[in-house]
Amino acid sequence: MKIHKLILLMALSMMALFSAACDDVATPIDDNTIQLTQTETIQIDEFGLSVSVSYPSGWFINNESGAIMLANSEEALAISDFSSSEFPTGSAVMTITVIPPEMGGVMGIEEGASSVDILTVFTQFMSGDGMPAFSDIEEVTINDATIAHTTGSDEDVSATIYALATESSYLMGFGATRADEAGSESDTFEAIIASTVVNAGE
């Protein structure tokens, strides 16, 4: 199975109804050299949550498809919005989806699950004939956020899947580049998901 199809299937399986409001703030990540200067706040009315995600200047964001889509160009944003399967040179795309605890329980995620626990659950859906091989789950800590991640590739695309357990919900992130540029945006992907904050809606 092509990795862009895998990302599509995983993202669509966790969609929520979003409406957005945007503002600009500086949000440096202390333990990462990537500077995130834009912030988007997403309201998830269905679950009474709001999500703030920060990303680098010059990146683009779209949340109309039910997941937060980010990319380093408008051309790449078309990829993250799943309207294209081609990855031009230098493209980086990412999706972030919030999983409220009540939805996590349905998916088999137990209360109090760690980031590794969450990703372990999802790797069960990423095995079998036609699926790309993913690496062992590893962890990285940025600003006290412990992020679990695993990476897989096919002949065209390299994708890393991230999981982050927060106090109010679980976050899943999917970052992708061309296969021959694997790892080139890892710091950015990690910084973006580490910046993501979920709060109870006002």
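This paragraph deals with the overall build of the chain. Helices and strands together make up the secondary structure of the chain, namely 5 helices and 11 strands. The buried share among the 202 residues of the chain stands at 49%. Summed over all atoms, the accessible surface of the chain reaches about 9100 Å², with 47% contributed by carbon and sulfur.

What follows covers the nonpolar core. Ranked by internal contacts, the top residues of the largest apolar core, which has 26 residues, are Trp59, Ile68, Leu70, Met94, Ile96 and Ile192. Of all the elements in the fold, those that place two or more residues in this core are β2 (35–44), β3 (49–55), β5 (68–71), β6 (93–99), β8 (145–153), β9 (157–165) and α5 (186–195). Sorting elements by how many residues they give to this core places α5 first, with 5 residues. Within the second largest apolar cluster, 16 residues are counted, among which are Met103, Ile118, Leu119 and Met172.

Spatially, the 7 strands line up as an open sheet ordered β4-β5-β6-β10-β9-β8-β7, and their pairing is antiparallel. The open sheet has two edge strands, β4 (60–62) and β7 (138–142), and neither has a second partner. Here the average twist between neighbouring strands, direction ignored, is 25°. Sheet topology places β9 next to strand β10 (residues 170–178); 9 bridges connect them, and they run antiparallel. In the sheet register, alanine 165 faces β10, and the bridge partner there is tyrosine 170.

On to the environment of glycine 90, then. Tracing the chain through its elements places glycine 90 in the loop between α2 (74–80) and β6. Apart from residues lying up to four places away in sequence, glycine 90 is in contact with Asn72, Arg178 and Glu181.

To continue, consider the pairing of β6. A regular strand places its side chains so that they alternate between the two faces of the sheet. For β6, a buried count of 7 out of 7 residues is recorded, marking the element as mostly surrounded by other parts of the structure. Burial along β6 is two-sided: Val93, Thr95, Thr97 and Ile99 and Met94, Ile96 and Val98, pointing in opposite directions, are all buried. With 4 bridges connecting them, β5 and β6 associate as antiparallel partners. Its bridge partner lying in β6, methionine 69 is registered against threonine 95. By the bridge criterion, 7 bridges tie β6 to β10 in an arrangement that is antiparallel. Each bridged residue has a counterpart across the sheet, and for valine 98 the counterpart in β10 is leucine 171.

For the rest of this paragraph, the subject is α5. Three or four residues apart is the spacing at which side chains of an α-helix point the same way, because the helix has 3.6 residues per turn. Counted residue by residue, α5 has 8 buried out of 10 residues, so it is predominantly covered. For α5, the full list of buried residues reads Thr188, Phe189, Glu190, Ala191, Ile192, Ile193, Ala194 and Ser195.

Turning our attention to the side chain of glutamate 185. Relative to the helices and strands, glutamate 185 is located in the loop between β10 and α5. Buried charged residue glutamate 185 carries no salt bridge. Nearest counter-charge: arginine 178, at 12 Å. Leave out the neighbours within four places in its chain, and glutamate 185 touches Trp59, Asn72, Ala92 and Thr177.

So, about the pattern of salt bridges. Enumeration according to the criterion identifies 1 salt bridge in this entry. The closest approach of N and O atoms between arginine 178 and aspartate 180, which form a salt bridge, is 2.9 Å. The class for arginine 178 is partly exposed, based on a relative accessible area of 24%.

This next bit is on the confidence of the model for the chain. A low pLDDT means the predicted coordinates there should not be read in detail. Mean pLDDT over the chain works out to 76, with 72% of the residues at or above the 70 mark. The model gives residues 8–32 a pLDDT under 50, and that stretch makes 75 contacts with residues more than four places away or in other chains.

Below, the discussion takes up unusual backbone geometry. A positive phi angle, near 50°, is found at asparagine 143, a position not held by glycine. Topologically, asparagine 143 is positioned in the loop between β7 and β8. The class of asparagine 143 is partly exposed, set by a relative accessible area of 31%.

The rules behind these values
Residues numbered from 1 in each chain as written. Predicted model: local features only at pLDDT ≥ 70, side-chain atom pairs only at ≥ 80, totals over all residues. Heavy atoms only, no water. Helix = DSSP H or I, 4+ residues; strand = E, 2+ residues; numbered from the N terminus. Buried < 20%, exposed > 50% of the residue type's maximum accessible area, 1.4 Å probe, protein only. Areas by Shrake-Rupley, 256 points an atom, 1.4 Å probe, with all protein chains shown as cover. Core = buried A, V, L, I, M, F, W, Y, C linked by side-chain atoms within 4.5 Å. Pairing = 2+ DSSP bridges. Axes fitted to C-alpha atoms, helices over the stretch in contact; angles between N-to-C directions. Contact = heavy atoms within 4.5 Å. Lys, Arg positive; Asp, Glu negative; His and termini not counted. Salt bridge = Lys/Arg side-chain N within 4 Å of Asp/Glu carboxyl O. pLDDT = per-residue confidence, 0-100.

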